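What the coordinates show
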Amino acid sequence: YDADLVLRKIMEDRTSILSLRGKIAKNETELMEAKVWQLQAKKSLENHDQNIQRLISKAKSDIAGYNESSKQYIRGFMSAFESGDIEKLPRHPFLPNLYELEDAISKRKVALIEKIQADNRVQKHEH
């Protein structure tokens, strides 16, 4: 064997080892970033779930109130109809507004997609 050939081979192996170390360090950094993103996405999803639960409770309460108001409206309408006094005719109650709940559900869908993407990114870097 030629000494120059052996020396060249050692240098190539050393360069390969250093390159692999750099790739490993880069992959570990990317994995840590992916895990941070995953935790943030999970927390965001949990916050959306809590907000939706709060809005569902509010909507249930609003709907129960609407149902009671509707019953009173029907009673008042029947009373005004029986007495023939149009002035006693009550105003019909407004339906509860569910836009805030619908918006929260839409935002949760986006957060769920981000969570799935974060999970996939972590899984990709772990394997």
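This report concerns the structure included in the present document. Predicted model, so just to flag it, every value in this text is computed and none were measured. (Residues numbered from 1 in each chain as written. Predicted model: local features only at pLDDT ≥ 70, side-chain atom pairs only at ≥ 80, totals over all residues. Heavy atoms only, no water.)

**Here's the deal with helix H2 (residues 99-126)**
With 28 residues, H2 extends 41 Å between its outermost C-alpha atoms, agreeing within 8% with the 40 Å of an ideal straight helix rising 1.5 Å per residue. Of the residues making up H2, those classed as buried are Leu101, Ala104, Ala111, Lys115, Ala118, Val122 and His125. Looking at the packing, one finds that the buried side of H2 touches helix H1 (3-83). (Helix = DSSP H or I, 4+ residues; strand = E, 2+ residues; numbered from the N terminus. Expected span 1.5 Å × (residues − 1). Buried < 20%, exposed > 50% of the residue type's maximum accessible area, 1.4 Å probe, protein only. Contact = heavy atoms within 4.5 Å.)

**Points about the packing of aromatic side chains**
Within the structure shown, the criterion is met by two aromatic pairs. What links up through ring pairs into an aromatic cluster is the set Tyr73, Phe77 and Phe81. (Phe/Tyr/Trp six-rings, centres within 6.5 Å; stacked < 30°, edge-to-face > 60°.)

**Overview of H1**
Relative to the 120 Å expected for 81 residues at 1.5 Å per residue, H1 spans 117 Å between its end C-alpha atoms, a close match to the ideal helical length. Of all the residues in H1, the buried ones are Leu31, Ala34, Ala41, Leu45, His48, Ile52, Leu55, Ala59, Tyr66, Ser70, Tyr73 and Ala80. Buried residues in H1 make contact with H2. Positive backbone phi, at 75°, marks glycine 84, one or two positions downstream of H1.

**Some details on a nonpolar patch on the surface**
Taken together, Ile74, Phe77, Met78, Phe81, Ile86 and Leu89 make up a surface patch of nonpolar side chains, about 630 Å² in accessible area. As for its placement among the helices and strands, isoleucine 74 is situated in helix H1. (Patch = residues over 30% accessible without salt bridge, like charges linked within 9 Å, V, L, I, M, F, W, Y side chains within 5 Å. Areas by Shrake-Rupley, 256 points an atom, 1.4 Å probe, with all protein chains shown as cover. Salt bridge = Lys/Arg side-chain N within 4 Å of Asp/Glu carboxyl O.)

**What to know about the environment of leucine 39**
As for its placement among the helices and strands, leucine 39 is situated in helix H1. By relative accessible area, leucine 39 is classed as exposed at 58%. It is 50 Å that separates the C-alpha atoms of leucine 39 and glutamine 72, two residues lying 33 residues apart in sequence.

**A look at the pattern of salt bridges**
Here the structure, examined in full by the defined rule, presents seven salt bridges. For the salt bridge of aspartate 13 with lysine 9, the shortest nitrogen-to-oxygen distance reads 3.7 Å. You can see aspartate 13 and its partner lysine 9 sitting in helix H1, four residues apart, about one turn around the helix. Judged by relative accessible area, which is 36%, aspartate 13 ranks as partly exposed. Under the relative-accessibility criterion, lysine 9 is labelled partly exposed at 47%.

**Here's the deal with the packing of H1 against H2**
At a minimum axis distance of 8 Å, the contact between H1 and H2 shows a crossing angle of 160°. It follows from the interaxial angle that H1 and H2 lie roughly antiparallel. Read as a crossing pair, H1 and H2 show a hand that is left-handed. When grouped by side-chain class, the residues that make up the contact of H1 with H2 number 16 nonpolar, six polar and 14 charged. (Axes fitted to C-alpha atoms, helices over the stretch in contact; angles between N-to-C directions. Parallel < 35°, antiparallel > 145°, perpendicular 65-115°, else oblique. Left-handed = near helix turned anticlockwise from the far one by under 90°. Nonpolar A, V, L, I, M, F, W, Y, C, P; charged D, E, K, R; others polar.)

**Considering the nonpolar core**
If you look at the biggest cluster of nonpolar residues, it comprises five residues: Ile52, Leu55, Ala59, Leu101 and Ala104. Those elements that place two or more of their residues in this core are H1 and H2. With three residues, the top contributor of residues to this core is H1. Not counting the four nearest positions on each side in its chain, alanine 59 is found in contact with Leu98 and Leu101. (Core = buried A, V, L, I, M, F, W, Y, C linked by side-chain atoms within 4.5 Å.)

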